[in-house]
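# Survey of secondary and tertiary structure
Spelled out, the chains give:
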Protein chains: 2
Amino acid sequence: MRLLPHPNPEDIQLTEVLKALSDPVRLLIVGRLAAHGEMTCSTAGDDLGVHKSTASHHYRMLREAGVIMSKQEGRKKYISLRRDDLDARFPGLLDSVLTAAHEPV
Amino acid sequence: MRLLPHPNPEDIQLTEVLKALSDPVRLLIVGRLAAHGEMTCSTAGDDLGVHKSTASHHYRMLREAGVIMSKQEGRKKYISLRRDDLDARFPGLLDSVLTAAHEPV
DNA sequence: CGTATAGTTGGATGTATGTCAAACAGTTAG
DNA sequence: CTAACTGTTTGACATACATCCAACTATACG
């Protein structure tokens, strides 16, 4: 069901993941996916404060870095965190980032 | 002894740290600092494969993101990881990144 | 004082990125 | 079929970044 190119688990690069997570909008998206699981791009991109084309750009960044998986179903596209792949490759990384992202300012 | 602007611990931003760590050269520098503790810019920048001015640029990125501390002593500048500050603000983050950076390809 | 050492700064360059707007494409509903 | 919905693509633009080289600053050593 992978219509778009996703990196294989062993090809996920640390620097690419860190770069993908280093944008506030993308971090927000990832936080939502972590909290609510699989969701459509519409839902994930709701109230992000950016144009839908910008959100689409961010989904591609996250996908190409290996952070999220996307699958098309009808006219909707569902995206989800690649938790297992990330945890296996970079133990503790995603959790610490998600925890840090929730911290008060 | 802080001659250059370092962000206060509470002002260190997650996205800035992640961006700082998302460059291969900087990750290498951080790995060295983690392994050997405080070192001069010369030592940290040895065999990085980049020009010394490029290395200097990376030190500034790391410093401004709050990842490293630098202090001038004579004509040498010593840089070190802000481990405690980072651990306090983003528990587990630095460790997971360092662990991941050491993983085989 | 003159020279070597340690780093920074400025200029130049090519590449990447974040953003929006508008147009487009595929899917579903009436 | 036509219209609405979901999301991507393209173009345009401003900004940031990684890099090198050359010049500069500041300190230390003879």
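Computed from a predicted model, the values in this text were never measured in an experiment.

## With respect to the pattern of salt bridges
All names here are of chain A. Scanning the model with the defined rule gives 10 salt bridges over all chains in all. Ionic pairing is found between Glu38 and Lys71, a salt bridge with its closest N-O pair at 3.5 Å. Of the two residues, Glu38 is situated in the loop between helix H2 (24-36) and strand S1 (39-40) and Lys71 in strand S2 (residues 68-73); the sequence distance between them amounts to 33 residues. A salt bridge links Asp95 to Arg83; its shortest N-O distance comes to 3.5 Å. With Asp95 in helix H6 (residues 93-102) and Arg83 in helix H5 (residues 83-89), the pair connects residues that are 12 residues apart, well separated along the chain. Salt bridges linked by common partners bring Glu38, Lys71 and Glu73 together as one network.

## Structural notes on the relation of the copies chain A and chain B
Rotating chain A by 180° and translating it 0.0 Å along the rotation axis places it on chain B, where the RMSD comes to 0.0 Å. On this basis, the relationship between the two copies can be described by a two-fold rotation axis. Most of the interface of chain A is mirrored in chain B: 100% of its interface residues are interface residues there too.

## Some points on the protein's contact with DNA strand D
Neighbouring DNA strand D are 23 residues, the closest being Ser42(A), Ser56(A), Lys77(A), Ser53(B) and His58(B). Here DNA strand D approaches the protein such that, of its atoms within 4 Å, sugar and phosphate make up 64%. Ser56(A) places a polar side-chain atom, nitrogen or oxygen, 2.4 Å from a phosphate oxygen of DNA strand D. Put simply, the parts of the chain that give the surface near DNA strand D at least two residues each are helix H3 (41-44), helix H4 (52-65) and strand S3 (76-81) of chain A together with helix H2 (24-36) and helix H4 (52-65) of chain B. Of the residues contributing to the surface near DNA strand D, the split by class is 4 nonpolar, 11 polar and 8 charged.

## With respect to the environment of Lys71(A)
Residues and elements named next belong to chain A. A relative accessible area of 25% means that Lys71 is categorised as partly exposed. Sequence separation between Lys71 and Thr40 is 31 residues; the distance between their C-alpha atoms is 9.5 Å. At 3.5 Å, the side chain of Lys71 and the side chain of Glu38 are in polar contact.

## Comments concerning the UniProt feature "domain: HTH arsR-type" (unreviewed entry) in chain A
Here, UniProt's "domain: HTH arsR-type" (unreviewed entry) annotation points to residues 6-101 of chain A. Along residues 6-101 of chain A the backbone is 57% helical and 15% strand, and the end-to-end C-alpha distance reaches 25 Å.

What counts as what
- Note on numbering: residues in each chain are counted from 1, in written sequence order.
- A letter from A marks each chain and a number from 1 marks each ligand, given out in the order of writing.
- Given that the model is predicted, a residue must reach a pLDDT of at least 70 before its local features are reported, and side-chain atom pairs must reach 80 or more before they are shown or counted; all residues, however, enter totals for whole chains, interfaces and linings.
- As a rule here, side-chain values cover all heavy atoms of the structure and leave hydrogens and water aside.
- By definition, a salt bridge exists where a carboxyl oxygen of Asp or Glu is found within 4 Å of a side-chain nitrogen of Lys or Arg.
- Strands here are runs of E lasting at least two residues and helices are runs of H or I lasting at least four, both read from the DSSP assignment and numbered beginning at the N terminus.
- A residue counts toward the fit only if its pLDDT is at least 70 in both copies, and the copies are then superposed by least squares on the C-alpha atoms of those residues.
- Whether two residues are in contact is decided by their heavy atoms: any pair within 4.5 Å suffices.
- For this description, a residue counts as near a given molecule or strand if any of its non-hydrogen atoms is within 4 Å of it.
- N or O atoms closer than or at 3.5 Å make up a polar contact, with two conditions inside protein: a donor-capable atom paired with an acceptor-capable one, and, for residues adjacent in sequence, both atoms drawn from side chains.
- Polar here means any residue outside two lists: the nonpolar Ala, Val, Leu, Ile, Met, Phe, Trp, Tyr, Cys and Pro, and the charged Asp, Glu, Lys and Arg; Gly therefore counts as polar.
- Partly exposed residues are those whose accessible area sits between 20% and 50% of the maximum for their type, while under 20% is buried and over 50% is exposed, using a 1.4 Å probe and protein chains only.
- UniProt positions are given in the numbering used here, feature names are shortened, and annotations may be inferred rather than shown by experiment.

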